[in-house]
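# Observations on the model geometry
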Amino acid sequence: MSLKDIASALGLSVTTISRALNGYDDVAEETRLRIQQEARRRGYRPNPVARSLKTGKTNALGLLFPSSPLPFNGTSFVDVIGAIAQALAEREVDLLIVADTPENDHRSLQRMLRSRYVSGLIVAHTTRQDSRLAKLQQLNFPFLALGRSELTAPYAWFDFDHYTGPRMAVDHYVAQGLRRIAWLGSHLDQAFVSQRREGYLSAMQRHGFDSDLCWQTDPSRLEGYRATRQLLALPQPPQALIADSSSLGEGAAIALREMGRLSGPERIELMIYNGLPADSVIDVPVASIAQATWPAIGQQVAEMALRLMAGEPVSSLQVLWQPELKIP
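What comes next is a walk through the structure. (Residues numbered from 1 in each chain as written. Predicted model: local features only at pLDDT ≥ 70, side-chain atom pairs only at ≥ 80, totals over all residues. Heavy atoms only, no water.)

### Points about the pattern of salt bridges
Basically, it comes down to this: Each salt bridge in this description consists of a side-chain nitrogen of Lys or Arg and a carboxyl oxygen of Asp or Glu lying within 4 Å of one another. Secondary structure elements follow DSSP: runs of H or I of four or more residues count as helices, runs of E of two or more count as strands, with numbering from the N terminus. Burial here depends on accessible area, computed with a 1.4 Å probe over protein chains only, as a share of the maximum for the residue type. Under 20% is buried, over 50% is exposed, and the range in between is partly exposed.
Per the stated rule, a full pass over the model turns up 13 salt bridges. In this structure, the salt-bridge partner of R32 is E29, at a minimum N-O distance of 3.6 Å. Of this pair, R32 and E29 both sit in helix α3 (residues 29-41), 3 residues apart, which is roughly one turn of the helix. Using a relative accessible area of 11% as the deciding quantity, one classes R32 as buried. For E29, a relative accessible area of 48% corresponds to the partly exposed category.

Written out as structure tokens, the structure is:
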């Protein structure tokens, strides 16, 4: 099916058909409705690449994430991508996934910008000094950052208060009379990782407790398991353990279960950011620092990205959601 077929059926020029279907306002409304009705009847769908070359706009957004370290070691990021893609699809906007790294001068990012396949970018896994955001800001290309960074000019961002969640967790365990509260976190250079760790350290300092149990490792189930066994082998093992990711938390839970410390009178309290994975082998309820459901995050990010594309000022597109504790 082509524009020529629709033009021939309606006795109009191909130019008129094209301009009507691409939203130009120099086509009479009655004519536009006739063209749209005929296009729907014939099942016509425009070629998005050809349309972008003509109008300079696309019905697509890109999601940019760092290829190293690979962020797919847990289900959380995959769930977020799926939720954003579904929310955009409901608005007939496609989501293109782009892996990028600063080590090769952001070639993937530059190639995406040259291609004109997307009208804007959602940038995931931000760092405090994020060269991707600085580059996009320099080029005046619209972007929505998933996480905050230190930039010289305002920009659009969506984030959680990662600093507050661990403070709430420490306060919760202190109220139960616990003092040896361990932190099991990632060592990756990402803004949310350092913000969560700083929240924990700040809370421990405020209560006058030592922070010698602040451990950092690879964010994997295996490393969570290994680190927990090492923590429990200390002369003074922790009374509570806070894990900053589902992968580390499940590894910790497996180790605690093996050692008979996940439940019962000798249990060690465990709290996990975002809770256990949906397919976890652990069937014991575990406390969590909850941020939001994946569909809610997807809807929020999609809405903000579309508002950005519509030209809203970035100062009105800065949203910080608060966490909550879920105690079984």
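Moving on, there is more to tell.
### Structural notes on the sheet that holds strand β3 (residues 121-123)
This is how it is decided: Here, strands pair whenever DSSP counts at least two bridges between them. Every axis corresponds to a line fitted to the C-alpha atoms, with the helix fit spanning only the stretch in contact, and the corresponding angles, defined between N-to-C directions, vary from 0 to 180 degrees.
Spatial strand order, β2-β1-β3-β4-β5-β11: 6 strands in an open sheet with parallel pairing. Two strands bound the open sheet, and with one partner strand each, they are β2 (94-100) and β11 (318-321). Adjacent strand axes in the sheet meet at a mean angle of 20 degrees, parallel and antiparallel pairs treated alike. Where β3 lies against strand β4 (residues 143-146), 3 bridges are found, and the strand directions are parallel.

### Structural notes on the pairing of strand β6 (residues 181-186)
Rule in force here: Viewed with both strands pointing away, a crossover whose connecting path from the first strand over the helix to the second turns clockwise is right-handed.
Across the 6 residues that make up β6, a large majority, 6, are buried. Both β6 and strand β7 (residues 214-217) contribute to a ladder of 4 bridges, which runs parallel. Note on β7: the bridge partner recorded for G185 is Q216. Handedness of the crossover joining β6 and β7 through helix α9 (residues 191-206): right-handed.

### Quick notes on unusual backbone geometry
For residues other than glycine, phi is negative in most cases, and the peptide bonds are mostly trans. Residue E92 is not a glycine yet carries a positive backbone phi of 60 degrees. Tracing the chain through its elements places E92 in the loop between α5 (75-89) and β2. In this structure E92 comes out as exposed when scored by relative accessible area, which is 59%.

### Digging into helix α7 (residues 131-139)
This is how the line gets drawn: The reported arc concerns the directions from the helix axis to the C-beta atoms and nothing else.
For α7, the complete set of buried residues consists of R132, L133 and L136. The buried residues of α7 occupy an angular sector of 95 degrees when the element is viewed end-on, so they sit on one face. N140 occupies a position one or two residues after α7 and carries a positive phi of about 60 degrees.

### Things to note about the packing of aromatic side chains
We count it as follows: Within 6.5 Å between ring centres, the rings of Phe, Tyr and Trp (the latter by its six-membered ring) count as paired, and their orientation is classed by plane angle as stacked under 30 degrees, edge-to-face over 60, tilted in between. Counted as over-ring charges are cases with an Arg CZ or a Lys NZ within 6 Å of the ring centre that also lie within 35 degrees of the ring normal.
Per the counting criterion, the structure on display carries 5 aromatic pairs. Measuring from centroid to centroid gives 5.4 Å for F158 and F160, while their planes differ by 75 degrees, and the two rings are edge-to-face. When its relative accessible area of 4% is taken as the criterion, F158 is described as buried. Taking relative accessible area as the criterion, F160 reaches 8% and is therefore assigned buried. Ring pairs connect the aromatic residues F158, F160 and W321, which therefore count as one cluster. Sitting over the ring of W157, R148 keeps its end group 5.5 Å from the ring centre. The lysine or arginine in question, R196, covers the ring of Y273, its NZ or CZ lying 3.7 Å from the ring centre.

### Focus: the packing of helix α2 (residues 14-21) against α3
For clarity, the cut-off: Convention used here: angles under 35 degrees read as roughly parallel, angles over 145 as roughly antiparallel, angles from 65 to 115 as roughly perpendicular, and any remaining angle as oblique. In what follows, residue pairs with any heavy atoms lying within 4.5 Å of each other are defined as contacts. Ten residues, namely Ala, Val, Leu, Ile, Met, Phe, Trp, Tyr, Cys and Pro, are considered nonpolar, four, namely Asp, Glu, Lys and Arg, are considered charged, and the remaining ones, Gly among them, are considered polar.
At a minimum axis separation of 9 Å, α2 and α3 run at an interaxial angle of 90 degrees. The angle between the axes of α2 and α3 places the two elements in the roughly perpendicular class. Residue-level contacts link T16, I17, R19, A20 and L21 of α2 to T31, R32, I35, Q36 and A39 of α3. Residues that form the contact of α2 with α3 fall into these classes: 5 nonpolar, 3 polar and 2 charged.

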